[in-house]
Amino acid sequence: MVTDYASNLNTSNRIIVFRVGSFVMFLFSHSMLPKVVKRRVHALKRLQVQCANIEAKFYEEVHELERKYAALYQPLFDKRRDFVTGTVEPTEEECEWHSEREEEEELAEEVKEKAAIEDAKKEEAVPREDPKGIPEFWLTIFRSVDMLSDMLQEHDEPILKHLKDIQVKFSEPGQPMSFTLEFHFESNGYFNNAVLTKVYKMKSEPDASEPFSFEGPEIIDCEGCLIDWHKGKDVTVKTIKKKQKHKGRGTVRTVTKQVPNDSFFNFFNPVKASPDEEMDEDSEFTLAQDFEIGHFFRERIVPRAVLYFTGEALEDDESFDEEELEEGDEEEQDDEDDDDDGELEPKA
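What comes next concerns the included structure.

Conventions and cut-offs
- Residues numbered from 1 in each chain as written.
- Predicted model: local features only at pLDDT ≥ 70, side-chain atom pairs only at ≥ 80, totals over all residues.
- Heavy atoms only, no water.
- Helix = DSSP H or I, 4+ residues; strand = E, 2+ residues; numbered from the N terminus.
- Buried < 20%, exposed > 50% of the residue type's maximum accessible area, 1.4 Å probe, protein only.
- Contact = heavy atoms within 4.5 Å.
- Areas by Shrake-Rupley, 256 points an atom, 1.4 Å probe, with all protein chains shown as cover.
- Pairing = 2+ DSSP bridges.
- Patch = residues over 30% accessible without salt bridge, like charges linked within 9 Å, V, L, I, M, F, W, Y side chains within 5 Å.
- Salt bridge = Lys/Arg side-chain N within 4 Å of Asp/Glu carboxyl O.
- Lys, Arg positive; Asp, Glu negative; His and termini not counted.
- Charge placed at Lys NZ, Arg CZ, Asp CG, Glu CD.
- Core = buried A, V, L, I, M, F, W, Y, C linked by side-chain atoms within 4.5 Å.
- Axes fitted to C-alpha atoms, helices over the stretch in contact; angles between N-to-C directions.
- Expected span 1.5 Å × (residues − 1).
- Phe/Tyr/Trp six-rings, centres within 6.5 Å; stacked < 30°, edge-to-face > 60°.
- Lys NZ or Arg CZ within 6 Å of the ring centre and 35° of its normal.

On to the overall build of the protein chain. A count of helices and strands for the protein chain gives ten helices and nine strands. The 348 residues of the protein chain split such that 28% are buried. Put simply, 54% of the contacts in the protein chain that link residues at least 6 apart link residues at least 24 apart. Accessible surface computed for the protein chain: about 25000 Å², of which carbon and sulfur atoms make up 50%.

Take a look at the structure:
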């Protein structure tokens, strides 16, 4: 980093110039302003706070629009659920789809015929019923998306095979801003709940102590739900055996106790943010990660589930990451080239 100094307005005020590679940043020293100019800057800051308050109102209206359009999406999502679970079979018209992938459209006829003959032979050799709906639809998504697969354990998978649908519900008008993730399950041998919920509470107003940090709604807290597990089926705990030796008699006994176990279903028992106590770094990280996952379900997984099932959304995400990486590499190369040019001369 090269730091240069430049005069401004009069000899007592300075601008500090930071140069990092080809990027130059000018920092004005507010403390050196004349008193009359400071007064005007304070007036501008008051205007900025008013802008932040208007922006907060804007996001409140956006939330209302989201709620309105969620009601329009829901019939389509309900039909998606019915197709996935096999409750409803789509019509021929509903199944029509023209792929944009050229290699699929130009598949040679002889290859198609050969594949059809092989399929017919297999069906004759092993008669079987057609699967119902789209088996393991949501579980496939969980396995495919890194953010979700990191939480997924082997003992979670048989339970998630019973997951029928994931829905997002927005808070009603006049209520504090929030959204709820609803995980709908078919009857299963693990718990009695038909729906597991996770509520994310949001804030959309500038902080009185730091109004200029406002950048739109943020998740401030979340609440899970109590899972009514069947006896011996709770995958969020595991039973361990521990030997204890009596100090006096020297006898040994074996005791069993339950300890926490890694599981996706810990998602419904989140870390609680306490306004009175400061959280440790691990808890802060866990809570921030939870907020990110909740947002990802709401913004990406639920609206575009089929594309995550097929992998097309994953390809889009990977392409975006690659573009970001390439841009970062270019900036780093530019920095190296600029460093070879030498330092800037101090400005008069």
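This part takes up the environment of Met 202. With respect to the helices and strands, the residue Met 202 is situated in strand 6 (residues 195–203). Note: C-alpha distance between Met 202 and Pro 217 (15 residues apart in sequence) is 6.4 Å. The residues contacting Met 202, other than those within four sequence positions of it, are Met 177, Ser 178, Phe 179, Pro 217, Glu 218, Ile 219, Ile 220 and Arg 298.

Attention shifts here to the pairing of strand 5 (residues 178–185). With eight of eight residues buried, strand 5 is to be regarded as a mostly interior element. In strand 5, alternate side chains face the same way, and those of Ser 178, Thr 180, Glu 182 and His 184 on one face and Phe 179, Leu 181, Phe 183 and Phe 185 on the other are all buried. Both strand 5 and strand 6 contribute to a ladder of seven bridges, which runs antiparallel. Residue pairing in the sheet places Phe 179 in a bridge with Tyr 200 of strand 6.

Okay, a negative patch on the surface next. Taken together, Glu 89, Glu 92, Glu 93, Glu 96, Glu 129 and Asp 130 make up a surface patch of like negative charges. Under the relative-accessibility criterion, Asp 130 is labelled exposed at 71%.

Let us now look at the nonpolar core. In this structure, Phe 142, Phe 183, Phe 265 and Phe 297 are the most contacted members of the largest nonpolar core, which totals 49 residues. For this core, the element with the highest residue contribution is helix 8 (residues 281–301), accounting for six residues. Discounting chain neighbours no more than four positions away, the residues touching Phe 183 are Phe 142, Leu 163, Asp 165, Ile 166, Ala 194, Val 195, Leu 196, Phe 264, Phe 267, Phe 268 and Phe 297.

This brings us to the pattern of salt bridges. Within this structure, the stated rule accounts for 14 salt bridges. Between Glu 223 and Lys 201 there is a salt bridge, with the nearest N and O atoms lying 2.8 Å from each other. Remark: Lys 201 occurs in strand 6 and Glu 223 occurs in strand 7 (residues 218–223); sequence separation between them is 22 residues. The exposure class assigned to Glu 223 is partly exposed, which follows from its relative accessible area of 35%. Judged by relative accessible area, Lys 201 falls into the partly exposed class, the value being 31%. A salt bridge links Arg 298 to Glu 299; the nearest nitrogen and oxygen atoms lie 3.1 Å apart. According to the relative accessible area criterion, Arg 298 is buried, its value standing at 10%. Bridged by salt links that share partners, the residues Glu 136, Arg 143, Glu 157 and Lys 161 form one connected network.

Pairing within the open sheet is antiparallel, and its four strands lie in the order 4-5-6-7. Sheet topology places strand 4 (163–170) and strand 7 at the edges, where each strand pairs with a single neighbour. On average, adjacent strands in this sheet sit at an angle of 20 degrees to one another, irrespective of strand direction. Strand contacts of helix 1 (residues 35–85): strand 4 and strand 5, with the helix running at about 170 degrees to strand 4, the strand carrying the most contacts.

Here the focus is helix 8. Along its 21 residues, helix 8 runs 28 Å from first to last C-alpha, staying within 8% of the 30 Å computed at 1.5 Å per residue. By the burial criterion, the buried members of helix 8 are Ser 283, Leu 287, Asp 290, Phe 291, Ile 293, Gly 294, Phe 296, Phe 297, Arg 298 and Ile 301.

This paragraph deals with the packing of aromatic side chains. Aromatic ring pairs are reported here in terms of the distance separating the ring centres and the angle at which the planes meet. Counted under the stated rule, the structure contains 23 aromatic pairs. The rings of Phe 142, Phe 183, Phe 185, Phe 191, Trp 229, Phe 264, Phe 265, Phe 267, Phe 268 and Phe 297 are connected pair by pair, giving a single aromatic cluster. Positioned over the ring face of Phe 267 is Lys 198, at 3.4 Å from the centre of the ring. One cation-aromatic arrangement involves Arg 298 over Phe 179; the distance from NZ or CZ to the ring centre is 4.8 Å.

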